[in-house]
Every structure is written in C-alpha cells, then in structure tokens.
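# Structural characterization, general
Residues per chain are reported as follows:
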Amino acid sequence: ARNIMVTLPDGRSFTDVKVLGQDPRTDLAVLKVEGANLPVARIGDSDQLRVGDWVVAIGNALGLEGGPTVTAGVLGALGRSIQERNGVVLEDLLQTDAAINPGNSGGPLVDTGGRVVGINTAIDTRGQGIGFAISINGARAVFEELIEKGRVIRGVMGVNVASLTPAAAGRLGLQQTQGAIIVNLQSGSPADRAGLRASDVITGIDGQEVKTMRDLLRYLATK
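These numbers come from a predicted model, not from an experiment. (Residues numbered from 1 in each chain as written. Predicted model: local features only at pLDDT ≥ 70, side-chain atom pairs only at ≥ 80, totals over all residues. Heavy atoms only, no water.)

## Quick look at the overall build of the chain
- Along the chain, the regular secondary structure elements total 4 helices and 15 strands.
- When the backbone C-alpha atoms are referred to their principal axes, the chain occupies close to 60 × 35 × 30 Å.
- Counting every position in the chain, which comprises 223 residues, the buried fraction comes to 34%.
- A separation of at least 24 residues holds for 49% of the contacts in the chain among residues at least 6 apart in sequence. (Helix = DSSP H or I, 4+ residues; strand = E, 2+ residues; numbered from the N terminus. Buried < 20%, exposed > 50% of the residue type's maximum accessible area, 1.4 Å probe, protein only. Contact = heavy atoms within 4.5 Å.)

In structure tokens, the structure reads:
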C-alpha cells in the first residue's frame, strides 16, 4: 500500500498512519495512529476454543457499500495449515464455515461473547464453505514482536510436522497419542544434522512438553 488511512466508527480518519512492522509469514502487520479515546476490541483466548463453538466473522465482504457485514458459523477444526499461492504456509489456523470472502481478510473472528479469537485471512478455493482465521494467541505473539523489534525473528528446525493422531500412533506402534510427528524435513537442515527423520515424534523440546504441532511451532517462534 502506498497510502494508508484508518477510519473509526465515529467518523474520525487518520492519514498519518505508521507501519510499525509487517510479517509476510503470517500475513499480519501493526499500524499506529496518534489519537485519544480510541475504541478497543476485547481479546479472547483461542486456546480455550473447541470444535463446534459458534463464531462470527466481521468485515467488508466483497467491498460492498453500507459498512461492515457479519457472517456466523461454527469452528470446524483447530490447528490447520494451508499453503498460499505465493508458497507461504500459514500455520495454527482456525477453520470455520462462517462465510469469509474478499474484504473479510483482516477482520476479526469473534466468539459469542464478542471477544476476538481470530483474524480472518483466507478461504479454501478448492471447495465452498471453508474459511480460515489466524488464532488470536498466535497473532498476539507476532504483534508483540513487531511492536518491539519491527520484524519477527524465528527459530528454524527445517521440518514439516503434524499433530500425532491415535491412528498414526497405531500405525507406528506407539503407546503415546500426543506429540508432533515429522512429516518430512529439509536436507542439511538443523533437524537433519541432529539426526531426526521422517515419522519421528517430538514429545518435548528444551524441557517443554509438546502435545500438538501448535506447541512445537509456538515454542520455535520464541527462539
């Protein structure tokens, strides 16, 4: 964007918008405006969400006149990963059947208490009725680093992982059903040099328990 303008519901507009930082890996940015009595959204806890919870997506769907619109649906899945056309893989996404269209991106996904639990980001072009939002807990970690450093610095293992399922554990002859299973890894990566291999299951890292793929990805994001 060459020019950015922020408009509030009360009619105030700001043209002196500062971009504190942006992170293409998560499709997020932090903007700053100078003003008083700014409205504030209530933030929820996406770790407390359960499949089947009702959610509402807010945004300017299709850029139609008349202001923001809302659509409602349920959470279909947690911890989804999708690959965008530019090759970027978005992680730790909330899947919902609340209709998300162009113009909804960047808008909040809220729970029935009006708390922001996600940020609408993408739709699945292979079918209809499936949209994705960045979990608010994952987004907050990105925001905090953008505000502090202007960019996000991530630790890298060089692996693609998925959450271990009971079915996968059964195929591997494992007793535990929690952890992050390595789907594949890059040749010469830190994981490769350390001796990790496909189908290995990570159950802990630096003394931190890893129950799901999200646990591993969030920890790596702090390194």
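## Description of the sheet that holds strand 12 (residues 180-185)
- Taken in spatial order, the 3 strands make up an open sheet running 11-12-13, and their pairing is antiparallel. Lying at the two open borders of the sheet, with one neighbouring strand each, are strand 11 (159-163) and strand 13 (201-202).
- Against the sheet, helix 4 (residues 213-221) touches strand 11, strand 12 and strand 13, its axis set at about 140 degrees to strand 11. (Pairing = 2+ DSSP bridges. Axes fitted to C-alpha atoms, helices over the stretch in contact; angles between N-to-C directions.)

## Overview of the confidence of the model for the chain
- On average, residues of the chain score 88 in pLDDT, and 96% of them reach the 70 mark or higher.
- For the chain, helix 4 is the element with the lowest average pLDDT, namely 81, and strand 8 (residues 108-110) is the one with the highest, namely 96. (pLDDT = per-residue confidence, 0-100.)

## Quick look at the pattern of salt bridges
- This model, assessed by the stated rule, comprises 6 salt bridges.
- A salt bridge links arginine 115 to aspartate 111; the nearest nitrogen and oxygen atoms lie 3.0 Å apart.
- When the shortest N-O distance is used, the salt bridge between glutamate 145 and lysine 149 registers 3.4 Å. With a gap of 4 residues between them, glutamate 145 and lysine 149 both fall in helix 1 (residues 136-149), about one helical turn apart.
- You can call lysine 149 partly exposed: its relative accessible area is 47%. (Salt bridge = Lys/Arg side-chain N within 4 Å of Asp/Glu carboxyl O.)

## Thoughts on the environment of proline 108
- Secondary-structure assignment places proline 108 in strand 8.
- Judged by its relative accessible area of 26%, proline 108 falls in the partly exposed class.
- For proline 108 and isoleucine 119, which are 11 residues apart along the polypeptide, the C-alpha to C-alpha distance reads 4.7 Å.
- Filtering out sequence-adjacent residues up to four positions away, proline 108 remains in contact with Val56, Ala57, Ile58, Val116, Gly118 and Asn120.

## Here's the deal with the environment of leucine 146
- Residue placement: leucine 146 occurs in helix 1.
- In this structure, leucine 146 is in contact with Leu20, Gly21, Gln22, Asp23, Leu28, Ala29, Val30, Arg151 and Val152, ignoring residues within four places of it in sequence.

## Considering the nonpolar core
- Of all hydrophobic cores here, the largest spans 16 residues; its most connected members are Leu28, Ile82, Leu93, Ile119, Ile134 and Ala139.
- Listing elements by their share of this core, those giving two or more residues are strand 4 (28-32), strand 7 (89-96), strand 9 (116-123), strand 10 (131-135) and helix 1.
- If near-sequence neighbours (up to four positions away) are discounted, leucine 28 is found in contact with Gln22, Asp23, Ile119, Ile134, Ala139, Val142, Phe143 and Leu146. (Core = buried A, V, L, I, M, F, W, Y, C linked by side-chain atoms within 4.5 Å.)

## Let's talk about the side chain of aspartate 23
- Relative to the elements of secondary structure, aspartate 23 occurs in strand 3 (residues 18-23).
- Overall, the relative accessible area of 5% leaves aspartate 23 in the buried class.

## Remarks on helix 1
- Taking 1.5 Å of rise per residue, the 14 residues of helix 1 would be expected to cover 20 Å, and the 20 Å separating its terminal C-alpha atoms lies within 8% of that figure.
- The set of residues buried in helix 1 consists of Ile136, Asn137, Ala139, Val142, Glu145 and Leu146.
- In this structure, the buried residues of helix 1 make contact with strand 3, strand 4, strand 9, strand 10 and helix 4.
- Within two residues after helix 1, glycine 150 carries a phi angle of roughly 85 degrees, on the positive side. (Expected span 1.5 Å × (residues − 1).)

## Points about unusual backbone geometry
- Positive phi, close to 55 degrees, is recorded for asparagine 37, a residue that is not glycine.
- Position of asparagine 37 among the secondary structure elements: in the loop between strand 4 and strand 5 (54-59).
- Assessed through its relative accessible area of 73%, asparagine 37 is described here as exposed.
- Even without a glycine there, the phi angle at serine 199 is positive, about 80 degrees.

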